[in-house]
Amino acid sequence: MSNKIYFLVLYVLNLIFTRVGKGENERNESDERKKEILIKVIDKKSKLITCVSLIHFVISYVVSAIIIDLYVVFAVFTALIQVAYMALVGSFPFNSFLSGVLSCIGTAVLAVCLRIQVNKENKEFKDLAPERAFADFVLCNLVLHLVIINFLG
Amino acid sequence: MAALESPQPGTTSAMRHAFGNVLSVLILVLIGVLAFSIRLFSVIKYESVIHEFDPYFNYRVTQFLSKNGIYEFWNWFDDRTWYPLGRVIGGTVYPGLTLTAGTIWWVLNSINIPLSVETVCVFTAPVFSAFASWATYLLTKEVKGSGAGLAAAALLAMVPSYISRSVAGSYDNEAVAIFALIYTFYLYIKTLNTGSLFYATLNAIAYFYMVCSWGGYTFIINLIPMHVLLCIVTGRYSPRLYIAYAPLVVLGTLLAALVPVVGFNAVLTSEHFASFLVFIIIHVVALVYYIKGILSPKMFKVAVTLVVSIGLVVCFLVVAILVALVASSPTGGWSGRSLSLLDPTYASKYIPIIASVSEHQPPTWPSYFMDINVLAFLVPAGIIACFSPLSDASSFVVLYIVMSVYFSGVMVRLMLVLAPAACIMSGIALSQAFDVFTGSIKYQLGGSSNSTDDAEDTSTSNAPKDDASASKTDKGEEIVKERSSKKGKKKEREPADKPSVKSKIKKKALVLPLEASIVALLLLIMLGAFYVIHCVWAAAEAYSAPSIVLTSQSRDGLHVFDDFRESYAWLSHNTDVDDKVASWWDYGYQTTAMANRTVIVDNNTWNNTHIATVGTAMSSPEKAAWEIFNSLDVKYVLVVFGGLIGYPSDDINKFLWMVRIGGGVFPHIKEADYLRDGQYRIDSEATPTMLNCLMYKLSYYRFVETDGKAYDRVRRTEIGKKNFKLTHFEEVFTSHHWMVRIYKLKPARNRIRGRSKKKTSSGSKSSKSAKKNPWV
């Protein structure tokens, strides 16, 4: 199931990037046949390169990283919904609105920090065990949510 | 910072490291003891008493907390001050100090050490100054290494500007707040250096403690975003910067909003907007760096334009919201106090109360030398030393000192914020100087012999330092290479020179002539000695006065003037519990704390109109003043008078503020009426308005009986009107040295004979005068 998602994502991304690549292609349309063939070859090569780089990107994009990113997107989305609700209904009680929005933004920020620390490519956090990073993340979230619940009123 | 080399256990260098660490701890303990004991001069010279004015309020609040518990304290509405308005203590006080002292008292009492609340309050400040010097050690160790840390801690323990606000008995917010400030900065730098989310959490909690303690927390929440912006602009962005800053903003804003004094100001006032803007900027920058790492350059350009445009849109939205908020408030979102910091002339134009406080005036040049002494010219050396390897931490300290120098130039009270920065810089400078001199001495002494012991000696030095600076590790490597080959020194130097230019420079700096280094070392030690002498003198003579008890040396010995406490005790014993006492706002806190009577205005100065009412009453003639005070249910009026003994901070000297503040709200009080040739005079040249006003009469009533000539020792002249009677007030108490005089309002007359005549004859006149003077 997750494989299918990978390939779907890959296919969609490929489509997007080839559309971008095609913009360059259209500029050279007025040239001769030889150049067209050459361009098609180059285009295929660039497609291949972008494919390879995308595969590289996706492979290094571990499942845990996808989960964290989805969580960040979800948190920001929730914050936006709350802001939209506040715009509709009015800002009383302000402390509840503030604590709701800041809790979403807070967990998003903390998840991004976790992502930074867990990312294998990050040279600065080479010797940090991912369990330690996760424990820090949990501790910070505990403090954040304690404050949120106190402030929620 | 370079990581600490962990030496092999059991080797000589491990022994040395261990010895160095033990020595460090011992030195730190001694520094703590020094910081505590240098602040005890006031207890030794006078007694263990709370000083000044503001600490009495804090003491009263702590008494209430210890008696009634935290729930009552949090919801306390105080009706014994600002009569008839009252004051919501829970919502207008910074609770950090009182909660800290209350906790200490509770803990000590629960383990059966029965210290009274007063003792705990008096000694809170020295204890926390010891903590503050330890926090300075930690902070400077993160910036430059533990040698600099020890020097900075020793300097902070003694620096006079910090002593002035944290002597034993000065139970004020700054006692705890400076410790919280330095500790928050330490945790921020630690997070920046290690990139650990754990320290980021601790940083937010320390920031919360700072917000609880002092209104100066806005300095932190503006300095840290400025530093982040500086790092981004100079190309020093790293993921550690993001981890250090972003959780602090979110958690910090929430925690700041938890404190009732701050409340929603944490998101609505201009003091915090810088942090939000930099929050957005750092997200944009972080996203740009992340995409740069994972995409090819072609895609990167496309993607970065996308991200930057989205970031600009969000930024624009937020700025639009901020501008709307700012434009809707007349001061642009800033509070009066912050605005007077940014625009030093603001307070004198618009808020005379802020302008009248002597602590809010700009400092004079000599006060810099008085308050930070030798550090004033060690600071530039420290700034240069911070640049020689510029790291995130050292750029932060440079920014800190630049900002604090600016703010200390605006308000003399903020010299206190300058003190830790100056100590850190000077500690760094001193430590580097000692490095160079002792290194060159050892090099010169070890240059004649070729033994390995000497070589090993040069890799460590007297003061316990970790091998944290890059230059020291270079020197260490160089020495190790020399030791390993056991050849002539010159030959070994050359291959060691190649790895880094820095070691070459350091080697050149090491090679100072022996005599010059020894003399320089001795001079530095003498400099330190002068600093210590000055600090002890300042602590003993200048900053230990409790100002509630005055002393003076004369031919007959020591005179003690305890008039204030005498009069407050008289008040508490000879008046009813519900009697209201009117005085100028300076004495409000002391009256409620010591005399336990309701006052009209006190040092909180939150209501300008109420203060102006009292000021108008003091500036009006007797009948008008009686009307004002009667409308406020006042029974007693308290006046401080220094003319008999020469006490300069009395109410006649403060009279110009009463006129100005009163005239600011009630236009019938005109300052020109009281001035003769632009000066306030009380002698025979004084204006009739001045000679008839209540303050003059209450201060100088029966003054002629003291020496027959009514010579005022403060104004150095005889007074104008000497023999007069009071019609609406009666004197009930004058203290021993005439410093405090208490008058009672005479009750209203039963039969009002003259008034009906006045009404019928001057109908038109009364309507005209009613418009001008609302009180008659």
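Let me sum up the structure you'll find in this document. What you are looking at is a predicted structure, and each value in this text was computed from that prediction instead of being measured.

1. What about the sheet that holds strand β7 (residues 634-640) of chain B?
Residues and elements named next belong to chain B. Taken in spatial order, the 5 strands make up an open sheet running β6-β5-β7-β13-β12, and their pairing is mixed. The two strands at the open ends of the sheet, each matched to only one other strand, are β6 (598-599) and β12 (729-734). Sheet topology places strand β5 (residues 580-582) next to β7; 3 bridges connect them, and they run parallel. Opposite Ala582, over in β7, you have Val637 as the bridge partner.

2. Quick word on the pattern of salt bridges
Counting across every chain of the model gives 23 salt bridges over all chains. A salt bridge links Arg115(A) to Asp69(A); the nearest nitrogen and oxygen atoms lie 2.9 Å apart. Here the residue Arg115(A) occupies a position in helix α4 (residues 94-118), and Asp69(A) occupies one in helix α3 (residues 63-89), the gap between them amounting to 46 residues. Judged by its relative accessible area of 22%, Asp69(A) is partly exposed. Between Glu731(B) and Arg741(B) there is a salt bridge, and its shortest N-O distance comes to 3.1 Å. Of this pair, Glu731(B) sits in strand β12 while Arg741(B) is found in strand β13 (residues 740-745), placing the two residues 10 residues apart along the sequence. A residue is classified by how much of its surface remains accessible, and Arg741(B), at 0% relative accessible area, is buried. If you follow the salt bridges from partner to partner, you end up with Arg165(B), Asp172(B), Glu174(B) and Arg413(B) in one network.

3. Some thoughts on the interface of chain B and chain A
The interface is formed by 29 residues belonging to chain B together with 32 residues belonging to chain A. Summed over both sides, the interface of chain B with chain A buries roughly 2,800 Å², with 81% coming from carbon and sulfur. It is Leu197(B), Leu254(B) and Phe264(B) in chain B that bury the most area against chain A; as a group they hold 21% of the surface buried on that side. If you look at where chain B meets chain A, you find 0 salt bridges. Connecting chain B to chain A are 2 residue pairs in polar contact (both at pLDDT 80 or more). Those elements that place two or more of their residues in the side of chain B that touches chain A are α10 (197-213), α12 (239-258), α14 (273-294) and α15 (297-327) of chain B.

Calculation notes
Every chain is numbered independently, its residues counted from 1 as its sequence is written. Written order decides the labels, with chains lettered from A and ligands numbered from 1. The predicted origin of the model limits local features to residues at a pLDDT of at least 70 and limits the giving and counting of side-chain atom pairs to 80 or more, whereas totals for whole chains, interfaces and linings rest on all residues. Note: side-chain values were computed over all heavy atoms of the structure, leaving out hydrogens and water. We call two strands paired when DSSP finds no fewer than two bridges between them. Numbering of helices and strands runs from the N terminus, with a helix taken as a DSSP run of H or I at least four residues long and a strand as a DSSP run of E at least two residues long. For this analysis, a salt bridge means a side-chain nitrogen from Lys or Arg found within 4 Å of a carboxyl oxygen belonging to Asp or Glu. Exposure categories follow from relative accessible area, calculated using a 1.4 Å probe and restricted to protein chains: below 20% of the type maximum is buried, above 50% is exposed, and the middle band is partly exposed. The contact criterion used throughout is that any non-hydrogen atoms of two residues lie within 4.5 Å. Two parts placed together each lose some accessible area under a 1.4 Å probe, and the buried area is that loss summed for both. Throughout this description, a polar contact denotes any pair of N or O atoms lying within 3.5 Å of each other; where both atoms belong to protein, one of them has to be capable of donating a hydrogen while the other can accept it, and for residues adjacent in sequence the pair is counted only when both atoms sit in side chains.

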